[in-house]
Amino acid sequence: MAAQRDKGTPGDEVETLRQELGHIIEHQTIRSVYQPIVSLSDGEITGYEALTRGPDGSLLHSPLPLFEWAEKLGVLYTLDRLARAKAIEGVRMNNDKQLLFLNVSAEILNDPLFAPGQTLELLTARGLRPSNVVFEITERSSIEDFASAQKILDHYRQQGYRIAIDDAGAGYSSLQAIAELNPDYIKVDKSLVAGMHRSKTKEYMLETLVAFADKLGIYLIAEGIESPDDLMKLTRMGVHYGQGYLLGRPSGQELKQIQSDIKRQIAEHRSMREWSGHMPAIGELAAPCQTFDARTPISGVANYFKKHMDAQGAVILRDNRPVGLIMRERLFQQLAGQYGYSLFWNRPIDQLMDEAPLIVDDSKPVEAVSKLATSRAIGHLYDLVIITSNDRLLGTASVRTILECITNVKMEKARVANPLTGLPGNLQINREIKRRLTDGKRFSVIYADLDFFKWYNDRYGFHKGDQLIQFTADCIQHSLHLLGAPHDFVGHIGGDDFIAVTACSDSEKICQEMIRRFDTGVVAFYEAESWTYVEDRHGNRVESDGVTLSLSLVVCEAGLHATPEQISQTAARLKKQSKAHRGSVVFCDHVGHRISM
C-alpha cells in the first residue's frame with residue numbers, strides 16, 4: 001500500500017522515517033520493557049504490561065510515533081507481530097500464575113495472520129500457557145465491526161487467553177467495547193486516575209466503575225498511579241489492580257516485588273476498607289456440610305440425597321482437602337438423561353462434580369464473597385460456597401445466607417449512620433471507644449470541631465455548608481488513611497463535630513496533617529468577596545480569616561484505666577482552650593490512672 005504524505009510533515013522527513021521504520025522491522029531493533037501490574041488487595045505483582053520501545057536516540061523510540069507511522073506507512077500488522085514476539089521472548093515471570101499483558105490495536109484484529117497458533121508457539125518456547133496472556137485491546141482507532149471482533153476474541157478465549165479493554169474513559173468507544181466484548185479486565189485511563197483524591201467528579205466516576213465491574217465479574221486496573229493519596233483512595237474504593245510510576249516504572253530488568261513501604265500501605269488501606277464496613281468474615285457463616293471422598297461411587301451420593309431431601313449439595317474431598325462440589329439438582333439432571341443411570345451409577349463422583357467451585361478462606365469479608373458468588377455463570381449462581389481454614393474444610397454457606405447477612409449489616413449501618421457523610425453515628429462511636437478501652441491498648445481520640453461554621457452557613461447557605469461538612473470529613477479520613485493504623489475509626493457526632501480513633505503512635509502528626517489539608521482546601525469554599533471579621537455563635541464580631549479547625553487530642557495510654565466520661569470531659573476542656581486561639585490548632589492531653597492492686 002502506498003503511504004500518504006502526512007500533511008504536517010515535510011516530504012524529506014517522511015522519507016527518512018519510512019527508511020528508519022523499514023530498518024527497524026528488517027533488523028528487528030525494537031525491544032520490550034515491562035511495567036508491573038500490582039494487586040491492590042495485597043501488594044503482590046499480578047503481571048506485567050509489555051511496552052514496545054524503538055532504538056535509543058531514534059525519532060521512533062517512543063511507541064506512540066512508532067506505531068502511528070507504522071499505520072501511516074502500511075506496516076502496522078508487521079510491526080505489531082514483531083512487537084508481540086519480542087514481548088514474549090523477553091519476559092521473565094516470577095511464577096506461573098503471573099500474567100503478561102500484550103497490547104493489540106483494534107486494527108490488528110483484522111490481520112489475517114493474527115492467529116492463535118503463532119502466539120501459542122512463542123509461548124510454549126518460553127514455558128508459558130495461554131492462561132498467562134491477556135490481550136489488551138488499545139484504541140488507536142475505533143472498532144468498526146464488533147460482531148467480527150467478538151468472534152475473533154471468543155476464539156482466543158476458548159484456548160485460555162484473556163481480554164482487557166485499555167484506556168477506559170478516554171478512547172473512541174471504550175464503553176461500547178466493554179458492552180460488546182465482555183472483557184476480563186478494564187484498564188482505567190490515567191486521565192481519570194491522576195489527582196482523583198482532589199476531584200469528587202473523578203472519585204464518583206471511579207466508584208461507579210468499581211460497582212459496574214463488580215456486578216459483571218470484571219477486574220478493574222487503574223493506570224497512571226503516581227501519588228500516594230491516589231493509591232490510598234483507589235485501594236479504599238475497592239479497585240482491584242494498579243499500575244503506574246509509584247508502583248514500578250517500565251524496565252527491561254525483572255522486578256521481583258514492589259517497595260516494601262508501598263506494599264505495606266496497600267495492605268493497610270485495604271484492611272481499613274474491609275474494616276470500615278464492619279462486615280463479618282465469611283467464616284462466621286460457615287455451616288456443617290456433607291462430604292464425600294472423590295472416589296465414592298455416584299450411587300452412594302445419589303442415595304444420600306434421596307434420604308436427605310433438605311441437602312442442597314455436598315463437598316468432594318481428596319486427601320481431606322476440598323476439590324469439588326456436587327449439587328443435588330445437577331446430579332439428578334445427569335442421572336435423568338438417557339442412559340444416565342447405566343452410564344454413571346457405578347462411576348466415582350469426581351467424574352460428575354464441579355471441579356472449579358468457589359472456595360474461599362474463612363477470613364474473607366462476606367461482601368467480597370458475595371461479589372464472587374454472584375459473578376458466577378447463571379448455571380452455578382446458587383451453588384454452595386465452600387469455606388476453608390488453612391486449606392481445610394470449615395463448612396459451606398448458601399448464597400441466600402450471604403445476602404441476608406449483607407442486608408442486615410447494611411440496614412443496621414444505615415440506621416445509625418449520619419445521613420450527610422455516611423459516617424458512623426453516636427451509637428457506633430460509643431461502641432468503638434468502649435471496645436478500645438476494653439482492649440487495654442494505647443489509642444488516641446481526636447475530637448474535631450469547626451470554628452465559625454454558623455457564620456459560614458448563614459452567609460453562604462446550607463448547601464455550601466453541607467459541602468464544607470463533607471470536605472471536613474474527607475480531610476479527617478484522608479489524614480487517617482495516610483498516617484493512621486489499620487482499623488482506625490472515623491465517626492460523625494453531628495453538625496460540624498467529628499471524632500477519630502487511632503492506634504497510631506504519633507497521633508499529633510495526624511492532627512497536623514488534618515489541619516494542613518483543611519487550611520489548604522477551605523479557601524476554595526469562599527467566593528471572591530472579602531471580609532474583615534466573622535461572627536461567633538452569639539453574633540459577636542471576631543477578627544478571623546474564616547472557618548478554622550479546632551482539634552482536641554486525648555491520648556489513652558496502655559495499662560491505664562480510663563472511662564468514656566473521662567475522655568469526653570478532657571476533650572471538652574481541650575476544646576475550650578483551642579477555641580480561645582485564632583486559627584486552626586490542636587491541644588493534647590493524656591487520661592487514665594493506674595489501677596492499684
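What this report covers is the structure whose coordinates are included nearby. Predicted, not measured: the structure shown is a model, and the values here were computed from it. (Residues numbered from 1 in each chain as written. Predicted model: local features only at pLDDT ≥ 70, side-chain atom pairs only at ≥ 80, totals over all residues. Heavy atoms only, no water.)

**A look at the overall build of the protein chain**
Quick note on the threshold: Each helix is a run of H or I in the DSSP string that is no shorter than four residues. Each strand is a run of E no shorter than two, and both are numbered from the N terminus. Classification of residues uses two cut-offs on accessible area relative to the type maximum, computed with a 1.4 Å probe and protein chains only: under 20% is buried, over 50% is exposed, and between them is partly exposed. Contacts are assigned to residue pairs that have any heavy atoms within 4.5 Å of one another. To be clear on the numbers: accessible area is Shrake-Rupley with a 1.4 Å probe, and residue cover counts the displayed protein chains and nothing else. The charge count includes Lys and Arg as positive and Asp and Glu as negative, but it does not include His or the ends of the chains. A charged residue contributes its charge at one atom only: NZ of Lys, CZ of Arg, CG of Asp or CD of Glu.
Along its length, the protein chain carries 20 helices and 21 strands. Its C-alpha atoms give the protein chain principal-axis dimensions of about 85 × 80 × 45 Å. Per-residue burial for the protein chain yields a buried fraction of 48% across its 597 residues. Nonlocal contacts in the protein chain, meaning residues at least 24 apart in sequence, comprise 70% of its contacts between residues at least 6 apart. In the structure as shown, the protein chain presents an accessible area of about 29500 Å², 50% of it carried by carbon and sulfur atoms. Each charge class in the protein chain can be summarised by its mean position, and for the 67 positive and 77 negative side chains these summaries are 4 Å apart.

**Some details on the pairing of strand S2 (residues 45–53)**
When a strand is regular, its side chains alternate between the sheet's two faces. We apply this condition: If DSSP finds at least two bridges between two strands, the strands pair.
For S2, a buried count of 9 out of 9 residues is recorded, marking the element as mostly surrounded by other parts of the structure. Counting the residues between successive antiparallel strands, the hairpin from strand S1 (residues 31–39) to S2 contains 5 residues, one of them, Gly43, with a positive phi of roughly 80 degrees. Note that S2 and strand S3 (residues 99–105) share 4 bridges and pair parallel. Bridge pairing in S3 links Ala50 to Leu102.

**Concerning the packing of aromatic side chains**
Definition in use: Whether two aromatic rings pair depends on their centres lying within 6.5 Å, for rings of Phe, Tyr and Trp, where Trp uses its six-membered ring; planes under 30 degrees apart make the pair stacked, over 60 edge-to-face, and the rest tilted. Should the NZ of a Lys or the CZ of an Arg lie within 6 Å of a ring centre and within 35 degrees of the ring normal, that charge is described as sitting over the ring.
Throughout the structure, instances matching the rule amount to 16 aromatic pairs. For the pair Tyr219 and Tyr241, a centre-to-centre distance of 5.8 Å together with 70 degrees between the ring planes defines the contact as edge-to-face. Residue Tyr219 is located in strand S7 (residues 219–222), and its partner Tyr241 is located in strand S8 (residues 241–242); the two are separated by 22 residues in the primary sequence. Seen in terms of ring centroids, Tyr341 and Trp345 are 5.0 Å apart; in terms of plane orientation they differ by 40 degrees. Their pairing is tilted. On the basis of relative accessibility, which here comes to 38%, the residue Tyr341 falls in the partly exposed class. Overall, Trp345 belongs to the partly exposed group, its relative accessible area being 22%. Aromatic rings pair up to connect Phe101, Tyr185, Tyr219 and Tyr241 into one cluster. The positively charged end of Arg249 is found above the aromatic ring belonging to Tyr245, 4.0 Å away from the centroid.

**Describing helix H11 (residues 298–307)**
Among the residues making up H11, those that are buried are Ile298, Ser299, Val301, Ala302, Tyr304 and Phe305. Those residues of H11 that are buried lie in contact with strand S9 (291–293), strand S10 (313–318), strand S11 (321–327), helix H12 (328–336) and helix H13 (340–344).

**Side note on the pairing of strand S16 (residues 489–494)**
Inspection of the sheet shows S16 paired to strand S17 (residues 497–502) by 5 bridges, in the antiparallel sense. Residue pairing in the sheet places Val490 in a bridge with Ala500 of S17. In this antiparallel pair of consecutive strands, S16 and S17, the connection spans 2 residues, and Gly495 shows a positive phi of 60 degrees.

**Looking at unusual backbone geometry**
Peptide bonds are, in most cases, trans, and in most cases residues other than glycine have a negative phi. Within the chain, Asn182 stands out as a residue other than glycine whose phi angle is a positive 50 degrees. With respect to the element layout, Asn182 can be found in the loop between helix H6 (174–181) and strand S6 (185–188).

**Description of the environment of Lys575**
Tracing the backbone shows Lys575 in helix H20 (residues 564–579). Residue class for Lys575 comes out partly exposed when judged on its relative accessible area of 34%. Taking C-alpha positions, Lys575 is 64 Å from Arg84, a pair spaced 491 residues apart along the chain. Excluding anything up to four places from it in sequence, Lys575 contacts Asp449, Asp497 and Ser552.

**Concerning the pattern of salt bridges**
The criterion, for reference: For salt bridges, the criterion is a side-chain nitrogen of Lys or Arg within 4 Å of an Asp or Glu carboxyl oxygen.
Under the defined criterion, the tally for this structure stands at 27 salt bridges. Between Asp458 and Lys454 there is a salt bridge, and its shortest N-O distance comes to 3.0 Å. Of this pair, Asp458 and Lys454 both sit in helix H17 (residues 453–460), 4 residues apart, roughly one helical turn. With a relative accessible area of 56%, Asp458 lands in the exposed category. The network of salt bridges with common partners includes Glu49, Glu136, Lys187 and Glu223.

**Regarding helix H2 (residues 63–72)**
In plain terms, the rule: The reported arc concerns the directions from the helix axis to the C-beta atoms and nothing else.
Every buried residue belonging to H2 is among Leu66, Phe67, Trp69 and Ala70, and all of these are buried. One face of H2 carries all of its buried residues, which in axial projection span an arc of 165 degrees. Gly74 lies just past H2 and shows a positive phi near 80 degrees.

**Regarding the environment of Asp545**
Mapped onto the fold, Asp545 is located in the loop between strand S19 (541–542) and strand S20 (548–556). When its relative accessible area of 62% is taken as the criterion, Asp545 is described as exposed.

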